[in-house]
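Summary of structural features
Given next are the chains, with one letter for each unit.
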Amino acid sequence: METTSRVGAQPPAAEGAQQLPSARRTVDGYLRAPFPWYGLDEAFTGPRWLMQVGTAADGAVEHGSIGHGDEPSVRGETGSAGEAREKFAVVVTVAAQPSRRSADGTGLLEATSVSSAAWLAGVGLLSFTWPGQMDHTLRDDWLDQQTETAWALADDLDGPEWSRLSLPVDGVAASFCYRESEFGWVLAGTTGEGVHLGAYGRGMSAYGLGFAVVKDIGAYA
């Protein structure tokens, strides 16, 4: 799966507030997608916010993320009891695509799968992870190493690092691959709507979550 651009994170504007151009650009990326977006279902009543979309070389939107709960900070910024202050869950929607030719016709783009969703979720969790004892100058090396680990794990969803978790998707039970680490949790599965789902979070249990199609992504602008 090729990803060539991102739309920066931007929370939804407050009701009645003036929209900023950056907020409009953010939701525009989601509105261009030819597939449905997923988030947590109506049982979740907390804040929801747009994060980013990923596009192919021809500009077609291939995946994106929607956050729920507290906007996460880098791990290491902890509360007085040593626990992470924020509680969040991020849902990643990935278009289910077969192997296909690139926009310039010179090669093939990789097919997307549940592993694609697992990898994007794993890397997403890493973006908010930073061992407190690590020097800032070492973080790039650490991220490179952990990104490779996330890829290897996503490529082996039947391996011992993963367990199975049943969660509702549009009100119907679906099976997800699930794993936990000291930094949070990651899960991945698929839907009957032509998309794969990934999710990651911290401070919010995955066991009580449910997923549903976002009825109006424009409401986030």
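Note that this is a predicted model, so its numbers are computed, not measured.

**Comments concerning the overall build of the protein**
Of regular secondary structure, the protein possesses three helices and twelve strands. Expressed as a percentage of contacts within the protein between residues at least 6 apart in sequence, the contacts between residues at least 24 apart total 61%. When the accessible surface of the protein is summed, it comes to about 11200 Å², and 50% of that surface belongs to carbon and sulfur atoms.

**Digging into the confidence of the model for the protein**
When the pLDDT values of the protein are averaged, the result is 79; 71% of them are 70 or greater. Confidence over residues 1-23 falls short of pLDDT 50; this stretch has 47 contacts with residues more than four positions distant or in other chains.

**Topic: the packing of aromatic side chains**
A complete count under the given rule lists seven aromatic pairs for this structure. One aromatic cluster is present, built from ring pairs that chain together Tyr30, Phe35 and Trp37.

**Section: helix 2 (residues 114-126)**
In a regular helix each residue adds 1.5 Å, so 13 residues correspond to 18 Å; helix 2 covers 19 Å between its end C-alpha atoms and thus fits that length. Helix 2 sits mainly inside the fold: ten of its 13 residues count as buried. Every buried residue of helix 2 is accounted for by Ser115, Ser116, Ala117, Ala118, Leu120, Ala121, Gly122, Gly124, Leu125 and Leu126. One side-chain oxygen of the residue at the start of helix 2 lies 3.2 Å from the amide nitrogen of Ser115, identifying that residue as Ser113.

**Things to note about the environment of Pro36**
Following the sequence through the fold, Pro36 ends up in the loop between helix 1 (21-31) and strand 2 (38-40). Put simply, Pro36 and Thr93 are 57 residues apart on the chain and 8.2 Å apart in space, counted from C-alpha to C-alpha. Setting aside its immediate chain neighbours within four residues, Pro36 contacts Thr93, Glu193, Val195 and Val213.

**Quick notes on the pattern of salt bridges**
All told, the structure shown has three salt bridges when counted by the stated rule. Of the charged contacts in the structure, one is a salt bridge between Arg202 and Glu86, with a shortest N-O distance of 2.4 Å. With Arg202 in strand 11 (residues 195-202) and Glu86 in the loop between strand 4 (61-69) and strand 5 (88-95), this residue pair connects regions lying 116 residues apart in the sequence. We classify Arg202 as buried; its relative accessible area is 6%. The residue Asp158 makes a salt bridge to Arg164 at a minimum N-O spacing of 4.0 Å. For the pair Asp158 and Arg164, one class covers both residues: exposed.

Rules behind the numbers
- Residues numbered from 1 in each chain as written.
- Predicted model: local features only at pLDDT ≥ 70, side-chain atom pairs only at ≥ 80, totals over all residues.
- Heavy atoms only, no water.
- Helix = DSSP H or I, 4+ residues; strand = E, 2+ residues; numbered from the N terminus.
- Contact = heavy atoms within 4.5 Å.
- Areas by Shrake-Rupley, 256 points an atom, 1.4 Å probe, with all protein chains shown as cover.
- pLDDT = per-residue confidence, 0-100.
- Phe/Tyr/Trp six-rings, centres within 6.5 Å; stacked < 30°, edge-to-face > 60°.
- Expected span 1.5 Å × (residues − 1).
- Buried < 20%, exposed > 50% of the residue type's maximum accessible area, 1.4 Å probe, protein only.
- Polar contact = N/O pair within 3.5 Å; in protein donor to acceptor, adjacent residues only side chain to side chain.
- Salt bridge = Lys/Arg side-chain N within 4 Å of Asp/Glu carboxyl O.

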